Amino acid sequence: MEDRKNAILATPNRFKNYIDGEFVGAENSAELERESPAHGKVVSIYPASTSADTERAIAAARRSFDSGEWPYTYAGDKSRILRYVAQRIRDDVDELTLIETLESSKPLSVARGEILFAAELWDYAAGASRLLHGDSHNNLGGDMLGVVLREPIGVVGIITPWNFPLLILSERLPFALAAGCCCVVKPSEFTSGTALKLAEYIHESGLPKGVCNILAGEGDPVGKTIIESDHVDMLSFTGSSRVGRLAIQASAGNIKKLSLELGGKSPSIVFADCDIDAAIDGVLKAANINMGECCIAGSRLIVQDSIAELFQSRLAERLKDLKVGDPFDPASRIGAIINQVQYDKIASYIDIGVKEGAKLICGGDGSSYEGLYFPPTILADVRPEMRIAQEEIFGPVLSVMTFKDVPEAIKLANSTSFGLAAYIWTNDLSTALHCSRRIHAGRIWVNSALAGFPELPLGGYKQSGNGRETGRFGIEEYTEVKSLHLQIGAQSERWVTDE
Ligand code: NAD
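Residues numbered from 1 in each chain as written. Predicted model: local features only at pLDDT ≥ 70, side-chain atom pairs only at ≥ 80, totals over all residues. Heavy atoms only, no water.

Okay, the pattern of salt bridges next. Applying the stated criterion to the full structure yields 30 salt bridges. A salt bridge links E31 to R14; its shortest N-O distance comes to 2.9 Å. In this pair, E31 sits in strand β4 (residues 31-35) while R14 sits in strand β1 (residues 13-14), placing the two residues 17 residues apart along the sequence. E31 sits in the partly exposed class, given a relative accessible area of 40%. Linking D123 and R90 is a salt bridge whose minimum nitrogen-to-oxygen distance equals 2.7 Å. Here D123, found in helix α5 (residues 108-131), pairs with R90, found in helix α3 (residues 75-91); they are 33 residues apart in sequence, far enough to count as distant. Here D123 falls in the partly exposed class, since its relative accessible area comes to 27%. Using a relative accessible area of 23% as the deciding quantity, one classes R90 as partly exposed. A single salt-bridge network, built from bridges that share partners, covers E171, R172, E261 and E469. (Salt bridge = Lys/Arg side-chain N within 4 Å of Asp/Glu carboxyl O. Helix = DSSP H or I, 4+ residues; strand = E, 2+ residues; numbered from the N terminus. Buried < 20%, exposed > 50% of the residue type's maximum accessible area, 1.4 Å probe, protein only.)

The structure is reproduced here in structure tokens:
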């Protein structure tokens, strides 16, 4: 892998778009360069697609869908194609891991885990395709049978962010394909490599041309063209609340269906009766994995006041063992921040927090590192109305608050406009269940952090979005439901009578 890494650092990967079954550059040959945040060198070059390129991709998906070929393909055949892609992802795990690590600077082991999980998602969707079915109603009287059909919704636009590039795409694309949809995919302009590499496996898999189109480029024009298109029936958007709102406005044009996965400010709630060592590890993992650039980051610690001081000091002590540095060093847990803009945003929130009255316990200053590295940071004495308790920072920053009893813990947990995830640490089953039921979040972990399974759906409450991805609910999201009313034999009554 070292040789291959050096080869890419010397000569960057050059990727093409995949439109209507062909690998092509942007119509005007423009390109985007991506520098590795950890190395400061260009590692990938992608087409800087235009609005016209995007229209072409949408038209290809539209033609494919309207031809009926893929929607009516037998699920067993769909399944074989999706399984093929899963296997190719596994075969190419080293190369995909390398691309992901170089483009994003996430630690190599994290990238590798994501790629292997992405393959699981393609496998799961392959199975889900064969299990997708509607319903029947045999209780509508002697001469009426009701059949509920699930049909693919149509052309789906999929727009993804930079933090878990292939993983987030694999939570969506194979499910949409498994349902029989045709897709136009736009990965983040910072991390498009693995999505464009995926196109190679899709091309080899035998998926009919035009069913899946993947193109790189900036949010405006590529994403903008997708969200505004009248030929796109559904949009799956993952990213910031700002662009999510634009997508909602744009959806008014043709009333397209939206599945939105937006920001979060998820709490780790630590009760005094928990296993403290396990909770410390879990809280640190939830707050800092992927440098905190994680939509479900446990970025608020809500700890019971009787153990708050002890927990906070042990947390800070343990943080010292968290290695910040070269993502290719197996010991590194924290790689570089994705870009200068994000780095500056994280640093600015430390100032905001301190000015609001929070106490900096550790971290907070990345100036001693060379490059875009930011140390894990803890801010204590945080009050729920502070900006560092309300706004998504998307960096390794933990805001600490305390609570007295269960009702206060729940109130604090629910005190933001987001509702993506929550982590609960307690050895009392009743407390765990009580909190799990009352916290407004799409995913809850009890005495664990971030375990993920293709079987379980993900998505947000409140301003974290709507719709669900993965699991049975994930594939159903990409379907329309149609009711068939089947008369058996002659109707016993006429509407127009002889009198
Ligand atoms: P972003 O919203 O800036 O970009 C996301 C995608 O939208 C990118 O592909 C981008 O090119 C595109 N885009 C930008 N402007 C657009 C426009 N005008 N029209 C259409 N598309 C446009 O988000 P980001 O900076 O890539 O990612 C960070 C954000 O994503 C965070 O807020 C994070 O919480 C969120 N996120 C959420 C989840 C989730 O599952 N809930 C997962 C990962 C990231």
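Note: α-helices contain 3.6 residues per turn, so residues at a spacing of three or four share the same orientation. Burial in helix α15 (residues 406-413) covers these residues: A409, I410, L412 and A413. Buried residues in α15, looked at end-on, bunch into an arc of 165°, giving them a common side. Set apart from the buried face of α15 by more than 90 degrees, the exposed residues are P407 and K411. Each element contacted by the buried residues of α15 is listed here: β13 (267-270), β14 (300-304), β17 (397-403) and α16 (429-438). (Arc of directions from axis to C-beta. Contact = heavy atoms within 4.5 Å.)

What follows deals with the sheet that holds strand β21 (residues 479-487). The strand order across the open sheet built from 3 strands is β6-β7-β21, with neighbouring strands paired in antiparallel fashion. The two strands at the open ends of the sheet, each matched to only one other strand, are β6 (135-137) and β21. Within this sheet the neighbouring strands show an average axis-to-axis angle of 20°, counted without direction. Looking at chain direction, β6 and strand β7 (residues 144-152) are connected through 3 bridges and run antiparallel. (Pairing = 2+ DSSP bridges. Axes fitted to C-alpha atoms, helices over the stretch in contact; angles between N-to-C directions.)

Once that is clear, we can look at the site of the ligand. Around the ligand, the structure places 28 residues, and the nearest of them are T160, E189, S240, L262 and E392. Within the backbone of K224, one N or O atom sits 3.5 Å away from a nitrogen atom of the ligand. The contact in question runs from an oxygen atom of the ligand to an N or O atom on the side chain of E392, over 2.6 Å. Protein burial of the ligand: of its 840 Å² of free accessible surface, 89% is covered by the chains. Top element by residues in the shell around the ligand is helix α9 (residues 219-228). It accounts for 4 residues. (Near = heavy atom within 4 Å. Polar contact = N/O pair within 3.5 Å; in protein donor to acceptor, adjacent residues only side chain to side chain. Areas by Shrake-Rupley, 256 points an atom, 1.4 Å probe, with all protein chains shown as cover.)

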